[in-house]
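Fold and contact review
The residues making up each chain are set out below.
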Amino acid sequence: MYRFLLTPRWWGINLFVVLAIPFCVFMGTWQLGRFEDRVQSHEQAEKAPDPSTRAAKPLDELLPVDKVTSGRPATATGTYADQFLVPGRKLDDRQGFYVLNMLRTDSGKALPVVRGWLPGSASGAKVPAAPKGEVTVTGDLQASENTHSDGVDVRGGLPGGQIGMISAATLVNLVPYDVYDAWVTLPEPEAGGTGGAMKPVPAAAPEGSGLDLKAFQNLGYTGEWFVFAAFVLFMWFRLVRREAEAERDIALGLVPQEPAPGSEDAPEDSSSPDYDAASTPVR
């Protein structure tokens, strides 16, 4: 009854099923592993001490920024240079902007420093001036932002002196010196001067260390791949059952089997010029 499984058409169907199911299971397992990794990173981050409570270290000792060094206090010495405003940033559910200054160090490279946050629009805003002369800053280390970071504006078209993303790749095109692939945010208001009017910007958790939307997307993709594998197997069984039932009905004579073309029982084509309706015997 199941000899039809050896026909060329069914060889193709069987090959597709044999390849599709392991592939779906592999992809589902991989997505599940990604979700479990994020859960583990989240648990480790909760158990670990707050990075900002650890002793400050020189900036170069904490680079490159990773999940371990992100949020660690870093110190750097230099003089403030170019200033940029980063619009569209929220703090305490209020809309505002960051004030970012480039700290040029003795190495020749500059460190982006978020000196604070101010409410309102960045266009035409009065911003507290940066301290003059050589300064030593201690701020919470952060990795360069990307297009998936919160608050990033990738639309472009911002006025001069404004940037949508705090990234070395962005800033290096705006300043005539090298830029560290990192930035720091000052945890306390600047001492003295008018800088105290700005609110400190809290350090963000390192990307991929929490149960964010991406983690639950991985879990959803896991379910989708396993469901697709089950669907392929279900459809294969359904097709086999339908084909087997059709073969059984033909064997029992419940469904007349169509004669093969050219056989004696095959009706003649009425469109043929040799076909004579009058000579056709009546049965």
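Summarised in this report is the structure supplied together with it. (Residues numbered from 1 in each chain as written. Predicted model: local features only at pLDDT ≥ 70, side-chain atom pairs only at ≥ 80, totals over all residues. Heavy atoms only, no water.)

Let's shift gears to the overall build of the protein chain. In terms of regular secondary structure, the protein chain is built from three helices and six strands. Written out in order from the N terminus, the α and β elements of the protein chain read α-β-β-β-β-β-α-β-α. The buried share of the protein chain, reckoned over its 283 residues, is 33%. For the protein chain, the proportion of contacts with a sequence separation of at least 24, taken over those separated by at least 6, is 65%. Surface exposure of the protein chain reaches about 17900 Å², of which carbon and sulfur atoms provide 57%. (Helix = DSSP H or I, 4+ residues; strand = E, 2+ residues; numbered from the N terminus. Buried < 20%, exposed > 50% of the residue type's maximum accessible area, 1.4 Å probe, protein only. Contact = heavy atoms within 4.5 Å. Areas by Shrake-Rupley, 256 points an atom, 1.4 Å probe, with all protein chains shown as cover.)

Counting buried residues in strand β3 (residues 94–105) gives nine out of twelve residues, a clear majority hidden from the surface. As paired elements, strand β2 (residues 73–91) and β3 share eleven bridges and run antiparallel to each other. From the neighbouring strand, Val-86 faces β3, where its bridge partner is Tyr-98. A loop of two residues connects β2 with β3, the two strands running antiparallel in sequence, and Asp-92 in this loop sits at a positive phi of about 55 degrees. Here β3 pairs with strand β4 (residues 110–119) via nine bridges, running antiparallel. (Pairing = 2+ DSSP bridges.)

Two faces, one strand: in a regular strand the side chains alternate between the faces of the sheet. Pairing of strand β1 (residues 57–58) with β2, which is carried by two bridges, proceeds in the parallel orientation. Each bridged residue has a counterpart across the sheet, and for Lys-57 the counterpart in β2 is Ala-74. By the bridge criterion, seven bridges tie β2 to strand β5 (residues 134–142) in an arrangement that is antiparallel. For Thr-77, the partnering residue across the bridge sits in β5 and is Thr-136.

With that settled, the discussion passes to unusual backbone geometry. Cis geometry marks the peptide bond from Leu-63 to Pro-64, where omega comes out at -5 degrees. Its place among the elements puts Pro-64 in the loop between β1 and β2. One non-glycine residue, Asp-92, lies in the positive phi region at around 55 degrees. Counting through the fold element by element, Asp-92 comes out in the loop between β2 and β3. Phi is positive for Asp-93, close to 65 degrees, though the residue is something other than glycine. Tracing the chain through its elements places Asp-93 in the loop between β2 and β3.

Positionally, Thr-185 belongs in strand β6 (residues 183–185). Within polar-contact distance, the side chain of Thr-185 engages the backbone oxygen of Val-201 at 2.7 Å. Other than its neighbours up to four places away in sequence, Thr-185 contacts Val-114, Gly-139, Asp-140, Gln-142, Val-201, Pro-202 and Ala-203. (Polar contact = N/O pair within 3.5 Å; in protein donor to acceptor, adjacent residues only side chain to side chain.)

This part is about the packing of aromatic side chains. This model, assessed by the stated rule, comprises three aromatic pairs. Aromatic pair Phe-23 and Trp-225: ring centres 5.6 Å apart, planes at 85 degrees, arrangement edge-to-face. Here Trp-225 lies in helix α3 (residues 213–251) and Phe-23 lies in helix α1 (residues 8–47), a separation of 202 residues in the sequence. A residue is classified by how much of its surface remains accessible, and Phe-23, at 46% relative accessible area, is partly exposed. Exposure remark for Trp-225: the relative accessible area of 25% places this residue in the partly exposed category. Measuring from ring centre to ring centre gives 6.3 Å for Phe-35 and Phe-216, while their planes differ by 55 degrees; the resulting arrangement is tilted. Separated by 181 residues along the polypeptide, Phe-35 in helix α1 and Phe-216 in helix α3 bring together distant segments of the chain. (Phe/Tyr/Trp six-rings, centres within 6.5 Å; stacked < 30°, edge-to-face > 60°.)

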